[in-house]
Amino acid sequence: MSVLDRSMIFAAANVAEKAAIAAYDWIGRGDKEAADQAAVDAMRTALNNLPMKGRIVIGEGERDEAPMLYIGEEVGTGEGLEIDIALDPLEGTTPTAKGMTNSLAVLAMAPRGGLLYAPDTYMDKIAVGAELPGGVVDLDNSIEDNLAALARAKDRPVSDLTVCVLERPRHQEIVARIRQVGARISFITDGDVAGVISTTDPKTGIDLYVGSGGAPEGVLAAAALRCVGGQMQGRLVFRNDDERARATRTGITDFGRKYGLHDLAGGEDIVFTATGVTSGSLVDGVRKSGNIAQTHTLLLSTMEDAWRRMRSRFHCE
Ligand code: VTB
């Protein structure tokens, strides 16, 4: 029996849509802080209109550094279900500011306790799509072994596999090793939520996601994979004591823990929505003409066995 009902899927989508429309005004204007702030304000206003006892578990940061949508902030009208919310009002502030592709307004919801309360640190991640044998890849195996196992499971040569990797100097070694065994790499400049999800969508051609990105983005991606199938593992990466202290504050005691998909997003009912700000592999960006805005949103949930994309039109002020 579901605790969440389907109206929650559309309610969540509406929150992401509002954030994306607000960020639209800042596309290509070189000001990523302003773009983020616009999305944050709009998302918070929309969340506060929802009939729920909402609590942010993945947000803009800790209370002392994020005036709005901080981790632990309560949102919603205060009536109704206790809901945990993971959000990234603007996943891809840089691509938005630079007028580049692949930026999203993202939101996941689950009844209380359904999403990992993760610190704002890095996370090593690995993910593959659905319909593969359980444990086909593993964070503790070498990239060479993971690619060989994935190639066997997909009955294709390693040279035919494509790995999505965030383009960062820290990934130099793994990139060299992927090239050494002959697989293709599809780099992304930002946006590893979309990168992870792309492994589950055959039209992207992505077979594997690897590398380290934000832990909050890891929880959001896991929420999406719970809805559409796929496998993911993550392990927090700590660069200093401040980051270890952040983890302690979120209740983490085992710093070396390998999180599986259900550890990251364990809720029985999960809703995930992402609206395009600029166009990308998952969804199209916002279009605006006069006072009409059009949005394109991915709506996923564990309550439905479907990939749903929705186009909406809004009258703006
Ligand atoms: C990723 C990516 C984000 O941060 O998590 C990345 O998904 C990790 O941080 O879109 P670095 O940029 O420090 O490598 C983003 O690029 C921005 O939040």
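Since we're looking at a predicted model, the values are computed, not measured.

Each value, and the rule that gives it
Residues numbered from 1 in each chain as written. Predicted model: local features only at pLDDT ≥ 70, side-chain atom pairs only at ≥ 80, totals over all residues. Heavy atoms only, no water. Helix = DSSP H or I, 4+ residues; strand = E, 2+ residues; numbered from the N terminus. Buried < 20%, exposed > 50% of the residue type's maximum accessible area, 1.4 Å probe, protein only. Contact = heavy atoms within 4.5 Å. Axes fitted to C-alpha atoms, helices over the stretch in contact; angles between N-to-C directions. Parallel < 35°, antiparallel > 145°, perpendicular 65-115°, else oblique. Left-handed = near helix turned anticlockwise from the far one by under 90°. Nonpolar A, V, L, I, M, F, W, Y, C, P; charged D, E, K, R; others polar. Salt bridge = Lys/Arg side-chain N within 4 Å of Asp/Glu carboxyl O. Pairing = 2+ DSSP bridges. Domains from an automatic or database assignment. Buried area = accessible area lost by both parts, 1.4 Å probe. Polar contact = N/O pair within 3.5 Å; in protein donor to acceptor, adjacent residues only side chain to side chain. Core = buried A, V, L, I, M, F, W, Y, C linked by side-chain atoms within 4.5 Å. Near = heavy atom within 4 Å. Areas by Shrake-Rupley, 256 points an atom, 1.4 Å probe, with all protein chains shown as cover.

Draft legend 1. Layout of the environment of L166. Along the chain, L166 turns up in strand β6 (residues 162–166). With a relative accessible area of 5%, L166 lands in the buried category. L166 has contacts with H171, I188, T189, D190, G191, D192, Y209, S212 and G213, leaving out every residue within four places of it along the chain.

Draft legend 2. Seen up close, the packing of helix α1 (residues 7–24) against helix α2 (residues 32–48). It is the contact of α1 with α2, at a shortest axis distance of 8 Å, that shows an interaxial angle of 150°. Between α1 and α2, the interaxial angle falls into the category roughly antiparallel. In this structure, the crossing between α1 and α2 has a hand that is right-handed. Residues V15, A16, K18, A19, A22 and A23 of α1 form the contact with α2, whose participating residues are A35, A38, A39, A42, M43, A46 and L47. Counted by class, the contact of α1 with α2 contains 12 nonpolar, no polar and 1 charged residues.

Draft legend 3. Broad picture of the pattern of salt bridges. The tally for this structure, following the rule as stated, stands at 27 salt bridges. As a salt-bridge pair, D84 and R55 come within 2.9 Å of each other at their nearest N and O atoms. In this pair, D84 sits in strand β3 (residues 82–91) while R55 sits in strand β1 (residues 53–58), placing the two residues 29 residues apart along the sequence. Within this structure, E62, E65, D242, R246 and R249 form a network of salt bridges that share partners.

Draft legend 4. Representation of unusual backbone geometry within the structure. Notably, N102 is not glycine yet its phi reads approximately 75°, a positive angle. Secondary-structure assignment places N102 in the loop between α3 (93–97) and β4 (103–111). For N102, a relative accessible area of 23% corresponds to the partly exposed category. The phi dihedral of D155 is positive, around 55°, even though this residue is not glycine. Inspection of the secondary structure assignment puts D155 in the loop between α4 (143–154) and β6.

Draft legend 5. View of the sheet that holds β6. Across the sheet, 6 strands lie side by side as β7-β6-β8-β5-β9-β10; this open sheet has mixed pairing. The sheet terminates laterally at β7 (184–188) and β10 (259–260), the two strands that pair on one side only. Along the sheet face, α4 touches β5 (122–128), β6 and β8 (208–214) and points at about 140° away from the line of β8.

Draft legend 6. Broad picture of the side chain of T162. As for its position among the elements, T162 is in strand β6. Among the residues examined, T162 registers a relative accessible area of 12% and is labelled buried. Look past the residues within four positions of T162 in its chain and what remains in contact with it is R184, I185, S186, G205, I206, D207 and L208.

Draft legend 7. Up close: the domain arrangement of the chain. Split into domains, the chain comes out as domain 1 (6–113 + 269–315) and domain 2 (122–264). Averaged C-alpha coordinates put domain 1 and domain 2 at centres separated by 23 Å. Interface area, domain 1 with domain 2, both sides summed: about 2000 Å², of which 67% is carbon and sulfur. On the domain 1 side of the interface with domain 2, the three residues burying the most area are E62, E91 and W307, jointly 24% of the side's total. At the boundary of domain 1 and domain 2, one finds 4 salt bridges. Linking domain 1 with domain 2 are 5 residue pairs in polar contact (both at pLDDT 80 or more), by the criterion used here. Of all the secondary-structure elements, those providing two or more residues to the side of domain 1 that touches domain 2 are β3, α3, β4 and β13 (292–301).

Draft legend 8. How the structure looks around the nonpolar core. Counting 47 residues, the largest nonpolar core has L115, M232 and F272 as the members making the most contacts within it. For this core, the element with the highest residue contribution is helix α7 (residues 215–228), accounting for 10 residues. Those residues in contact with M232, other than ones at most four positions away along the chain, are K125, I126, A127, V196, G218, A221, A222, L225, Y259, G260, L261 and L264. Within the second largest apolar cluster, 35 residues are counted, among which are A13, A23, L47 and L107.

Draft legend 9. Molecular detail of the side chain of T121. Note that T121 resides in the loop between β4 and β5. Judged by relative accessible area, T121 falls into the buried class, the value being 4%. The contacts of T121, once residues within four sequence positions are left out, are G213, G214, A215, P216, L236, V237, F238 and E243.

Draft legend 10. Local environment of the site of the ligand. Close contacts around the ligand come from E91, Y122, L166, R168, R170, D190, G191, D192, G213, G214 and E217, and that covers them all. In this structure, an oxygen atom belonging to the ligand sits 2.8 Å away from a side-chain N or O atom of R170. Measuring from an oxygen atom of the ligand, one finds a side-chain N or O atom of D192 at 2.6 Å. In isolation the ligand exposes 410 Å². Once the protein is present, 76% of that is buried.

Draft legend 11. Spatial organisation of the pairing of β4. Extensive coverage of β4 is indicated by the burial of 9 of its 9 residues. Alternating positions in β4 separate into two faces, S103, A105, L107, M109 and P111 on one and L104, V106, A108 and A110 on the other, with burial throughout. Examined bridge by bridge, β3 and β4 share 7 bridges and lie antiparallel to one another. From the neighbouring strand, I83 faces β4, where its bridge partner is P111. Bridging between β4 and strand β11 (residues 271–278) involves 7 bridges; their strand directions are antiparallel. Paired with S103 across the strands is T278, a residue of β11.

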